[in-house]
Amino acid sequence: MKLLILNGPNLNLLGKREPTIYGNKSFEDYFEQLTTKYPNVDMIYKQSNHEGTLVDIIHEYGFEYDGIVLNAGAYTHTSVAIADAIAGVETGVIEVHISNVHAREVFRHKSYMAKNCVGTIAGLGLKGYELAVQFFLEQ
Ligand code: DQA
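Residues numbered from 1 in each chain as written. Predicted model: local features only at pLDDT ≥ 70, side-chain atom pairs only at ≥ 80, totals over all residues. Heavy atoms only, no water.

The name an unreviewed UniProt entry gives the protein chain is 3-dehydroquinate dehydratase, with Flammeovirga pectinis as the organism. Among the UniProt annotations of the protein chain, the heading Function (unreviewed entry) holds the following wording: "Catalyzes a trans-dehydration via an enolate intermediate." In its Sequence similarities (unreviewed entry) section, the UniProt entry covering the protein chain states "Belongs to the type-II 3-dehydroquinase family." (UniProt positions renumbered as here; feature names shortened; annotations may be inferred.)

Take a look at the structure:
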């Protein structure tokens, strides 16, 4: 089972960024825990702050990998290009948000990509990534 975990803009600052919303742990530390928990899953982690790079990464892995766990950050609420990339590849994508976007500003309630995803997990903290991995494993 090959899974890509893909984070979008500002998620490289996890652990430092608005810790009351996003927590104190860096994604690198969390990813290490995740790979330790699932030693038999071939899991890689990528992050970019750039919309086009996220599109390129989805194209690169989206015909080869068994699943993509995507937190597109703020691009969730703006990016037709990322939504189209998800629709254009074969690999299923699960949308994850650390915070409960529906309990926040109205502009965070809209996801351009949700309709092209297998499903969405929001508001469960970093645990959401693990739940998405578990879902792909049970397919
Ligand atoms: C986020 C929610 C987005 O609205 C925000 O722009 C992010 C992070 C989350 O994980 O809760 O950067 O995707």
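And the narrative resumes.
On to the site of the ligand, then. Around the ligand, the surrounding shell consists of Arg17, Tyr22, Asn71, Gly73, Ala74, His77, His97, Ile98, Ser99, Val101 and Arg108. The separation between an oxygen atom of the ligand and a polar side-chain atom of His77 is 2.7 Å. Here an oxygen atom of the ligand sits 2.8 Å away from a polar atom, N or O, in the main chain of Ile98. Class assignment for the residues of the shell around the ligand results in four nonpolar, five polar and two charged. (Near = heavy atom within 4 Å. Polar contact = N/O pair within 3.5 Å; in protein donor to acceptor, adjacent residues only side chain to side chain. Nonpolar A, V, L, I, M, F, W, Y, C, P; charged D, E, K, R; others polar.)

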